[in-house]
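Working through the structure, step by step
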Amino acid sequence: MKIKLITSAAIAALFAGGAMAQVVDSDIDQNGNDNVAAVDQTGGNAGVADIDQDGDRNTALVTQTENPTIGSASFGNAANLATVNQQGDDSFAQVTQNSTDPSSSTPPPGNVTTSNQYSVGPATLAADTDDDANTPDELVTNIATSDQDGDLNTVTIDQGAFGASVSGESAFASQVGDGNSIAITQTGTGDVANASQVGNGNDADITQAGSDNFADSVQTGDDGTSSISQDATSALAVVTQGGTGNSSLIVQSDDGQIVPNNGPTDADPEAYVEQAGADNSSVITQTAIGAGRALSADVLQNGNGNVSDIDQTATGGAAGFIEAAVTQTGDDNTSDIDQSATETDTGFLSGGSAAGLLSATVEQGGNGNSSTISQTATSANPSGGFAGDLTATVSQTGDDNTSGVSQTATADSFAGNARDLRAEVDQSGIGNSSDVTQDASDAFLASGFNAVATVNQSGNDNSSDISQTLTPGALDGLNDLVADVIQSGDGNDSSVTQTGEDATTLVEQSGNNN
């Protein structure tokens, strides 16, 4: 093993009494395996560290601390600059930077970190320490960490492989200060990325490709922006934001995992967003192609003027199990959920299968909130596949809230049926409105369909509108349209329109001027 240590503490001491800031430059190149490079630049300004390592099991360590009494703004560049390039397997890079850059009209970035790690082969396994020689204890692969304390900081981490898949890459970036930026890119299997930011004007961008990847973004402060993109099987994204005016974007696509027809065991992919504060926005887009996908999205927002937008699309044989849940507490919040499943297996011998099992749940507490749910399922299976089970549940507590539910199931092949559509809306308050639309079409030889809409409103001046349409198949049996409306209070209004046979309507109103 070769160990190379460079410290700038002594160099910095020579300049401590001078009026001009100094630049400390460290450049290390290492070829071979099991090398260690350590750069310690403390007490100076405009520190520059450049480490290049080519080989396996190499380690790079950088520590940079700025002297706040000297400053580096006059240089017009970063207070601290660290670049680590590692080519090989099982590498480790750690960069720690601290900057208290003096005030300036246009200060340069306080700290800049760039880490590039590229494997030339698959990840190796750690030495076994238990009794079973065939069960290694852990996976050894590339790890990059960066910790920054200061203003206007930048971290870039890129992990991947040359001509071979890599597993278990890990990237951890932490920033405390204003105007921070983190960018992490990973290509592999079982990768982990974590971006943690405390301060104002933060930006985190995580991109992953592969399978079984995990991305976590935590931002505490104002005007934070988080973007996670995962093109992977079995991906998981988690975003936590606190403050005002934050935005989160999660884009996930998958064409891999298959789950049983009776329901998902693990979602694929999964997205979780939690935002506390006002005027925050969350956008989740999930796309799956292939049989038996399971998409899951959950959003929790606490504050006023928040926006949640979830778009989920599954296409393929037994296209998917789709779940979305939104909880919002506060006033003037908006939730929009769009779910679509298309079963594309057109073979007569493929057997009956479902386009999708779709579930959407929205809970809103406060005034002036809006919820929109759109669910669409289509089956093209001629062997008796069904379009899907669609379930929408909305609960709103407060005044002047609106709820819109649209469900469409279509079996456009020879023997498929539309299956079940269920919508339930519960509103408590004054001046609320509910609109439920259900539309189902059975195939030529199909029968067996249920559309159920239930609306419960308590308070005054509420309105409910239910529209149900069934286009039955030739057998035309076992099809039910059911609409139940319960309203308590004064000045309420209910409208029910049903097109099809075997329709049942129940409206109960208690109060005056209904």
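Definitions and cut-offs
Residues numbered from 1 in each chain as written. Predicted model: local features only at pLDDT ≥ 70, side-chain atom pairs only at ≥ 80, totals over all residues. Heavy atoms only, no water. Helix = DSSP H or I, 4+ residues; strand = E, 2+ residues; numbered from the N terminus. Contact = heavy atoms within 4.5 Å. Areas by Shrake-Rupley, 256 points an atom, 1.4 Å probe, with all protein chains shown as cover. Pairing = 2+ DSSP bridges. Core = buried A, V, L, I, M, F, W, Y, C linked by side-chain atoms within 4.5 Å. Buried < 20%, exposed > 50% of the residue type's maximum accessible area, 1.4 Å probe, protein only. Salt bridge = Lys/Arg side-chain N within 4 Å of Asp/Glu carboxyl O. pLDDT = per-residue confidence, 0-100. Patch = residues over 30% accessible without salt bridge, like charges linked within 9 Å, V, L, I, M, F, W, Y side chains within 5 Å.

Below, the discussion takes up the overall build of the protein chain. When you go through the protein chain residue by residue, the secondary structure sums to 1 helix and 36 strands. Contacts spanning at least 24 positions in sequence make up 60% of the contacts within the protein chain whose residues lie at least 6 apart. Total accessible area on the protein chain stands at roughly 19900 Å², and carbon and sulfur atoms take up 51% of it.

Here strand β25 (residues 334-343) pairs with strand β27 (residues 370-379) via 10 bridges, running parallel. Considered in β27, the bridge of aspartate 338 is made with serine 374. As paired elements, β27 and strand β29 (residues 402-411) share 10 bridges and run parallel to each other. Along β29, the bridge assignment pairs serine 370 with threonine 402.

On the secondary structure map, alanine 237 appears in strand β18 (residues 236-242). Remark: the alpha-carbon pair of alanine 237 and tyrosine 272, spanning 35 residues in sequence, is separated by 6.3 Å. Among all residues touching alanine 237, those that are not within four sequence positions of it are Ala215, Ile228, Gln230, Ile250, Gln252, Glu270, Ala271 and Tyr272.

On to the pairing of strand β16 (residues 214-220), then. Sheet topology places strand β14 (residues 192-198) next to β16; 7 bridges connect them, and they run parallel. Among the inter-strand pairings, serine 196 is bridged to a residue of β16, identified as valine 218. Sheet analysis places β16 next to β18, joined by 7 bridges and oriented parallel. Looking at β18, one finds that phenylalanine 214 is bridged to leucine 236.

Counting 39 residues, the largest nonpolar core has Ile184, Ile250, Ile284, Ile310, Ile337 and Val436 as its most contacted members. Setting aside residues up to four positions removed in sequence, isoleucine 184 forms contacts with Ile157, Ala171, Ala173, Ala193, Asn194, Asp205, Ile206 and Thr207. Residues Ala341, Leu390, Leu470 and Leu481 belong to the second largest nonpolar core, which totals 14 residues.

Quick look at the pattern of salt bridges now. Tallying each qualifying case throughout the model produces 1 salt bridge. The salt bridge partner of arginine 57 is aspartate 34, with a shortest N-O separation of 2.8 Å. With a gap of 23 residues between them, arginine 57 in the loop between β3 (36-54) and β4 (59-66) and aspartate 34 in the loop between β2 (23-31) and β3 connect regions that are remote in the sequence. Exposure remark for arginine 57: the relative accessible area of 40% places this residue in the partly exposed category.

Turning next to the confidence of the model for the protein chain. Of all residues in the protein chain, 72% have pLDDT values of 70 or greater, and the mean over the chain is 79. Below a pLDDT of 50 lies the segment residues 71-76, which in the model reaches 20 contacts outside its immediate sequence neighbourhood of four places, other chains included. Below pLDDT 50 for its whole length, residues 102-107 participates in 6 contacts with residues either more than four positions away or in separate chains.

Let us look at a nonpolar patch on the surface. On the surface, Leu249, Val251 and Val283 cluster together into a nonpolar patch covering about 180 Å² of accessible area. Under the relative-accessibility criterion, valine 251 is labelled partly exposed at 34%.

Glancing now at the environment of aspartate 203. Of note, aspartate 203 is situated in strand β15 (residues 203-211). A residue is classified by how much of its surface remains accessible, and aspartate 203, at 31% relative accessible area, is partly exposed. Expressed as a C-alpha distance, the spacing of aspartate 203 and serine 227, which sit 24 residues apart in the sequence, is 8.1 Å. Not counting chain neighbours up to four residues away, the residues in contact with aspartate 203 comprise Asn180, Ser181, Ile182, Gln197, Gln219 and Thr225.

Before going further, it helps to spend a moment on the environment of serine 488. Inspection of the secondary structure assignment puts serine 488 in strand β34 (residues 479-488). Spatially, the C-alpha atoms of serine 488 and glutamate 508 are 8.2 Å apart, while their sequence positions differ by 20 residues. Residues contacting serine 488, with those up to four places away along its chain left out, are Gln457, Ser458, Gly459 and Ser510.

Moving on to the side chain of aspartate 216. Residue position: aspartate 216 is located in strand β16. Taking the relative accessible area as the measure of exposure, aspartate 216 reaches 16% and is therefore buried. Residues contacting aspartate 216, with those up to four places away along its chain left out, are Ala193, Asn194, Ala195, Ile206 and Val238.

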